[in-house]
Amino acid sequence: MFTEIQQLNLILEGSLKNPEELIRLQAGYYTIYAENCNAGEAESGNGCKRMYGEDGVTITAGAASQANISCAVVNAKVSVVFNANVKDRFKDNALTVTLSRPAVSDQFDVRVCEATYLTGSKTFWFNAGSVVTYTISGTPVGSNNPLTLSGSIKSSALVAKDNFELNVSVKQSTDGSLKLTASVDTMVEKGDDITAGFNPYDKIINN
């Protein structure tokens, strides 16, 4: 029998997909985690919501053990929204927003995401700990001088469950020239929490 703390990562793969197959473990304390994707997958392309949770369970010889894992969102959401007043103000309606995140240690390379007015509003997901900046660029109709505006989504690193909207619009100066404006909405309405149980074996059997 092991007396030290042991770690066991169960990702609902391999033998766990077969409810008829038993998993035999040494008696002791284990940490079980569940996630819908890993941190790298959560930042692939535009990214996706990442759910994660873990729980500890003590396994005793000859006795049944149960672990209940509560999963929650562990990354952050940034939406780029274009104001209607942007339409027909830039050449070919080409207005681009670039979101950038520097490399994070040796695990994640520099990440660059792009949204354009022509493709419409976009949603991006970033891992917690990301410091995200934005650059907006476009050339006004009747001008050869591109406009550029840069800033930060947040003054510090994003944390789990952050939900921001970057609203992009334009203003007209007294001399008739255009000026890019951007605001970060930190008061995005949050949906209701949903509390529900999930048994992976039941799901497998039903499917």
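Further up the page is the structure itself.
The shown structure was predicted, so the numbers you read here are calculated from the model rather than taken from an experiment. (Residues numbered from 1 in each chain as written. Predicted model: local features only at pLDDT ≥ 70, side-chain atom pairs only at ≥ 80, totals over all residues. Heavy atoms only, no water.)

Examining the overall build of the protein chain
- In terms of regular secondary structure, the protein chain is built from one helix and eleven strands.
- The order of helices and strands in the protein chain, counted from the N terminus, is β-β-β-β-β-β-β-β-β-β-β-α.
- The buried share among the 207 residues of the protein chain stands at 31%.
- Across the protein chain, contacts joining residues at least 24 apart in sequence account for 58% of those joining residues at least 6 apart.
- Of the accessible surface of the protein chain, which amounts to about 13100 Å², a share of 48% is contributed by carbon and sulfur atoms. (Helix = DSSP H or I, 4+ residues; strand = E, 2+ residues; numbered from the N terminus. Buried < 20%, exposed > 50% of the residue type's maximum accessible area, 1.4 Å probe, protein only. Contact = heavy atoms within 4.5 Å. Areas by Shrake-Rupley, 256 points an atom, 1.4 Å probe, with all protein chains shown as cover.)

Focus: the sheet that holds strand β6 (residues 111–116)
- Pairing is antiparallel in the open sheet, where four strands are placed in the order β6-β5-β8-β9. At either margin of the open sheet sits one strand with a lone partner, and together these are β6 and β9 (147–152). The mean inter-strand angle of the sheet, taken between neighbouring strand axes irrespective of direction, is 15 degrees.
- Bridge count for strand β5 (residues 90–101) against strand β8 (residues 133–140) is seven bridges, and the pairing is antiparallel. When the sheet's bridge partners are listed, Leu 95 is paired in β8 with Gly 138. (Pairing = 2+ DSSP bridges. Axes fitted to C-alpha atoms, helices over the stretch in contact; angles between N-to-C directions.)

Remarks on the sheet that holds strand β10 (residues 163–172)
- With respect to topology, four strands assemble into an open sheet ordered β7-β4-β10-β11, the strand pairing being mixed. The sheet is open, and its two borders are formed by β7 (122–127) and β11 (178–185), each paired with just one other strand. This sheet shows a mean twist of 20 degrees between the axes of neighbouring strands, independent of strand direction.
- With eight bridges connecting them, β10 and β11 associate as antiparallel partners. Each bridged residue has a counterpart across the sheet, and for Gln 172 the counterpart in β11 is Leu 178.

Examining the packing of aromatic side chains
- Taken as a whole, this structure holds two aromatic pairs when the rule is applied.
- Geometrically, the ring pair formed by Tyr 33 and Tyr 52 is stacked, given 5.7 Å between the ring centres and 25 degrees between the ring planes. Within this pair, whereas Tyr 33 is found in strand β1 (residues 28–35), its partner Tyr 52 is found in strand β2 (residues 51–59), the two being separated by 19 residues in sequence.
- Residue Tyr 52 is classed as partly exposed on the basis of its relative accessible area, which comes to 23%.
- Between Phe 82 and Tyr 117 the ring centres are 5.9 Å apart and the planes differ by 80 degrees, which places this aromatic pair in the edge-to-face class. Here Phe 82 is found in strand β4 (residues 75–82), whereas its partner Tyr 117 is found in the loop between β6 and β7, with 35 residues between them in sequence.
- Across the ring face of Phe 126, the terminal group of Arg 111 is positioned such that the distance to the ring centre comes to 4.5 Å. (Phe/Tyr/Trp six-rings, centres within 6.5 Å; stacked < 30°, edge-to-face > 60°. Lys NZ or Arg CZ within 6 Å of the ring centre and 35° of its normal.)

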